[in-house]
Amino acid sequence: MLDRLAGNDDLKQALAAALRSGRLPHAVLLVGEAGCGAGFAARCLAADYLYPGGGPHAEAVLAGADSECLALRGEGASGQIPVKRVREAREAIQHSALSTDAAGRVLFIYDAQNLNGASANAMLKIIEEPPAGVLFLLTAASAATVLPTIRSRCAAYTLAPVPGPACAAELRRRGLPAPLAEELAFLYEGHIGTALRAHTDAAQRTALAQAKALCGYAAQNDTYRALALLTKYERDRDGFLALLWQLDQLCSAVLRRPAYGQSECGGLTPAAAAAVLRAAAQARRAAKANGNLRLGVTVLAAKLA
């Protein structure tokens, strides 16, 4: 299944060789920026580890639905992985029988930087003395954000965004129309997962569309329409932050390719894009500091125009 991972040929070859030789470490940390596919790479590796011959069970692993796979993720507003969940996973691994179809069992720890001190200590107890056949697959946006006690016990592999043409080809393979695939591959700089979410996730599609509209209002110095759009976010901090993130991506794209501002961002020029980036950065800092959101959107609307 590793061959389904786009790009990252050296990484795929190294992991495949370790699997074939039986030398795959029992704890692997896959590092990659959001949207690079670290989670998908982890499931591909798990499928090849559990079911070397492929088949329906391997496909189920890719879909996150195989019974031999357990997963830990952040929960709640903090996004941290609770120690209770780690202990539950430890019990499940140590006291349940393996399937006769699988070569072992896999525990995914998605966004391992969200292990706090207590949950990391509980995880260490099973990583240091792993039950036979258990593979621990951790993901993180950066190795530096993972607690050293966990990081030092893992073999780390880094994923990179794929080149634009390869990203566009993968998006077309997944059903996106060619023009859209090429645009999203350029906009998100080869981050396949981010591009897919921008197409399939309704909230992301809306945020991108609204950010494009704001770019057009900034190009036209239209404070009224900018404010009318932004007032929808006066009580939606998360939505506002998602909008600002998309605004950053669009302005960055205009700076890299000025023609993109003309064709997709309402005539936004590189100079205007730079000004929008500064205004968005100020709005983001205020929003993350729990500043007055109504005031924040009003100030942003004024600065955009």
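Our subject is the structure listed above.
None of the values given here were measured: they were computed from a predicted structure.

Enquirer: Just to check I follow, could you spell out helix 5 (residues 117-128) for this structure?
Expert: In an α-helix, one turn spans 3.6 residues, which is why side chains three or four residues apart end up on the same side. Its 12 residues place the ends of helix 5 16 Å apart at the C-alpha level, agreeing with the 16 Å of an ideal helix rising 1.5 Å per residue. Regarding helix 5, the residues found buried are Ser119, Ala120, Ala122, Met123, Leu124, Ile126 and Ile127. Two or three places before Ala118, at the start of helix 5, stands the capping residue Asn116, its side-chain oxygen 3.2 Å from that residue's backbone nitrogen.

Enquirer: Which parts of the structure should I look at to understand the environment of Tyr233?
Expert: Tracing the backbone through its elements, the reader meets Tyr233 in the loop between helix 11 (223-230) and helix 12 (237-256). Overall, the relative accessible area of 8% leaves Tyr233 in the buried class. With 10 residues separating them in the primary sequence, Tyr233 and Leu243 have C-alpha atoms 9.2 Å apart. Every residue in contact with Tyr233, bar those within four places of it in the chain, is listed here: Gln210, Gly239, Phe240, Leu243 and Leu293.

Enquirer: Got a minute to help me understand the sheet that holds strand 5 (residues 155-158) in this structure?
Expert: Adjacent strands of a sheet form backbone hydrogen bonds with each other and so pair up, either parallel or antiparallel. An order of 2-3-4-1-5 is seen for the 5 strands of this open sheet, with the pairing classed as parallel. Because the sheet does not close on itself, it has two edges, and the strands there are strand 2 (69-72) and strand 5. Sheet twist, expressed as the mean angle between neighbouring strand axes with direction ignored, is 20°. Note: strand 2 against strand 3 (residues 105-109), 4 bridges, orientation parallel. Looking at the pairing, Cys69 lines up with Val106 of strand 3.

Enquirer: Help me understand the packing of aromatic side chains in this model?
Expert: How two aromatic rings sit relative to each other is set out by the distance from centre to centre and by the angle between their planes. The full count for this structure, using the stated rule, is 4 aromatic pairs. Pairing Phe108 with Tyr110 gives two aromatic rings, centres 5.4 Å apart and planes at 10°, and the pair type is stacked. Take Phe108 and Tyr110: they sit in the same class, and that class is buried. An angle of 10° between the planes, with centres 6.0 Å apart, marks the rings of Tyr188 and Trp245 as stacked. Taken as a pair, Tyr188 in the loop between helix 8 (178-187) and helix 9 (192-200) and Trp245 in helix 12 lie far apart in primary sequence, 57 residues in all. Note on Trp245: relative accessible area 36%, which makes it partly exposed. Cation over ring: Arg174 sits above Phe40, and NZ or CZ is 5.6 Å from the ring centre. The cationic tip of Arg257 hangs over the ring face of Phe186; the distance from NZ or CZ to the ring centre is 3.7 Å.

Enquirer: Honestly, the packing of helix 12 against helix 15 (residues 293-304) in this entry has me stumped. Any pointers?
Expert: Any two packed helices are characterised by the angle at which their axes cross and by the distance between the axes. The interhelical angle for the contact between helix 12 and helix 15, taken along N-to-C directions, is 25°, at an axis separation of 11 Å. Classified by the angle between their axes, helix 12 and helix 15 sit roughly parallel to one another. For the pair helix 12 and helix 15, the crossing hand works out as left-handed. Where helix 12 abuts helix 15, its residues Arg237, Phe240 and Leu244 lie against Leu293, Val297 and Leu300. Within the contact of helix 12 with helix 15, the residues separate by chemical class into 5 nonpolar, no polar and 1 charged.

Enquirer: How should I be thinking about the packing of helix 11 against helix 15 in this particular structure?
Expert: In the contact formed by helix 11 and helix 15, the axes pass within 8 Å of each other and the chain directions differ by 150°. On the basis of their axis angle, the class for helix 11 and helix 15 is roughly antiparallel. Here helix 11 and helix 15 pass one another in a crossing that is right-handed. Contact residues: helix 11 offers Thr223, Ala226, Leu227 and Leu230, while helix 15 offers Val297, Thr298, Leu300, Ala301, Ala302 and Leu304. By residue class, the composition of the contact of helix 11 with helix 15 is 8 nonpolar, 2 polar and no charged.

Enquirer: Quick question: what am I supposed to make of the layout of surface pockets here?
Expert: Which parts of space are left empty comes out when a probe the size of a water molecule is rolled across the atoms. Put simply, the largest pocket is a space of about 810 Å³. Taken together, 31 residues make up the lining of the largest pocket; nearest its centre are Ala34, Gly35, Gly193, Thr194 and Arg197. With 7 residues, helix 9 is the largest single contributor of residues to the lining of the largest pocket. When grouped by side-chain class, the residues that make up the lining of the largest pocket number 14 nonpolar, 10 polar and 7 charged.

Criteria and thresholds
- Residues numbered from 1 in each chain as written.
- Predicted model: local features only at pLDDT ≥ 70, side-chain atom pairs only at ≥ 80, totals over all residues.
- Heavy atoms only, no water.
- Helix = DSSP H or I, 4+ residues; strand = E, 2+ residues; numbered from the N terminus.
- Expected span 1.5 Å × (residues − 1).
- Buried < 20%, exposed > 50% of the residue type's maximum accessible area, 1.4 Å probe, protein only.
- Polar contact = N/O pair within 3.5 Å; in protein donor to acceptor, adjacent residues only side chain to side chain.
- Contact = heavy atoms within 4.5 Å.
- Pairing = 2+ DSSP bridges.
- Axes fitted to C-alpha atoms, helices over the stretch in contact; angles between N-to-C directions.
- Phe/Tyr/Trp six-rings, centres within 6.5 Å; stacked < 30°, edge-to-face > 60°.
- Lys NZ or Arg CZ within 6 Å of the ring centre and 35° of its normal.
- Parallel < 35°, antiparallel > 145°, perpendicular 65-115°, else oblique.
- Left-handed = near helix turned anticlockwise from the far one by under 90°.
- Nonpolar A, V, L, I, M, F, W, Y, C, P; charged D, E, K, R; others polar.
- 1 Å grid on protein atoms, 1.4 Å probe; cavity = no way out; pocket = protein on both sides within 12 Å on 5 of 7 lines; lining within 4 Å.
- Points joined across faces, edges and corners; volume = space filled by probe spheres on them.

This is a description of form; function is not addressed.
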